[in-house]
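# Chain and residue survey
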Amino acid sequence: RLELAWRAVETNEVGINEFMRWAKKAGVEPICAVNLGTKGIENAASFLEYCNMPAGTMYSDMRVKHGVSEPYKVKLWCLGNEMDGDWQIGHKTADEYGRLAEETAKAMKVDGVKLIVQDKGALDYVIKARVQTAILRAASQTQPDWSELS
């Protein structure tokens, strides 16, 4: 498929199941990111369902059909990636990103899951604090985990 931001072919040879097998073999805890640029809330919640829910829902049953009977139980989820970058398709202002992150966090609120803002250095602390506050409101928490904001 054509990768929209970079206008290059994305072969998608490594999907979530391949990534999770690699993470297990490497002995690392995976972090998954949801696409808040071109996808959105429903896609993010469906991805979480595929990875973390036991069989019995549409997407968890799809995972089972793909040969993975037990949920991955991914603990860390990034809400978007570099959403402030104007090179991104679906670029967001801080306010737009904060609002979308808050609504996405509501849909992804599940015990054992921590939602974080992933940053490659592009977001400044004011934007990160605003987005993190929105996530906390949605997750009914009161204190940010600032270690996740570095």
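Residues numbered from 1 in each chain as written. Predicted model: local features only at pLDDT ≥ 70, side-chain atom pairs only at ≥ 80, totals over all residues. Heavy atoms only, no water.

### Let's talk about the overall build of the chain
- Each helix and strand counted, the chain has 5 helices and 5 strands in total.
- What you see in the chain, going N to C, is helices and strands ordered as β-β-α-β-α-α-β-α-β-α.
- A separation of at least 24 residues holds for 57% of the contacts in the chain among residues at least 6 apart in sequence.
- Carbon and sulfur atoms form 53% of the exposed surface of the chain, whose accessible area is close to 9,000 Å². (Helix = DSSP H or I, 4+ residues; strand = E, 2+ residues; numbered from the N terminus. Contact = heavy atoms within 4.5 Å. Areas by Shrake-Rupley, 256 points an atom, 1.4 Å probe, with all protein chains shown as cover.)

### Topic: the packing of helix H2 (residues 41–52) against helix H4 (residues 94–107)
- Following both chains from N to C, one finds H2 and H4 inclined at 35°, their axes separated by 9 Å at the closest point. When you trace H2 past H4, the crossing you get is right-handed. Where H2 abuts H4, its residues Ile41, Ala44 and Ala45 lie against Leu100, Glu103, Thr104 and Ala107.
- Here the residues of the contact of H2 with H4 are counted per class, giving 5 nonpolar, 1 polar and 1 charged. (Axes fitted to C-alpha atoms, helices over the stretch in contact; angles between N-to-C directions. Left-handed = near helix turned anticlockwise from the far one by under 90°. Nonpolar A, V, L, I, M, F, W, Y, C, P; charged D, E, K, R; others polar.)

### Quick notes on the packing of aromatic side chains
- Applying the stated rule across the entire model yields 2 aromatic pairs.
- Considering the side-chain rings of Phe19 and Trp22, the 5.9 Å spacing of their centres and the 25° angle between planes classify their relative orientation as stacked. Taken together, the residues Phe19 and Trp22, both in helix H1 (residues 16–26) and 3 residues apart, mark about one turn of the helix.
- Note on Phe47 and Trp77: the rings are 5.1 Å apart at their centroids and 85° apart in plane angle, and the pair reads as edge-to-face. You can see Phe47 sitting in helix H2 and its partner Trp77 sitting in strand E4 (residues 76–81), a full 30 residues away along the chain.
- Relative accessible area serves as the criterion here: at 23%, Phe47 is assigned to the partly exposed category.
- You can call Trp77 buried: its relative accessible area is 0%. (Phe/Tyr/Trp six-rings, centres within 6.5 Å; stacked < 30°, edge-to-face > 60°. Buried < 20%, exposed > 50% of the residue type's maximum accessible area, 1.4 Å probe, protein only.)

### With respect to H1
- When H1 is considered as a whole, its buried residues turn out to be Ile16, Asn17, Met20 and Ala23. Burial along H1 is one-sided: seen end-on, the buried residues are contained in an arc of 120°. In H1, the exposed residues that point more than 90 degrees away from the buried face are Arg21 and Lys25.
- In this structure, the buried residues of H1 make contact with strand E3 (31–34) and H2.
- In the segment just after H1, Gly27 is the residue with positive phi, at about 75°. (Arc of directions from axis to C-beta.)

Remember, this is a structural readout, not a statement about activity or role.
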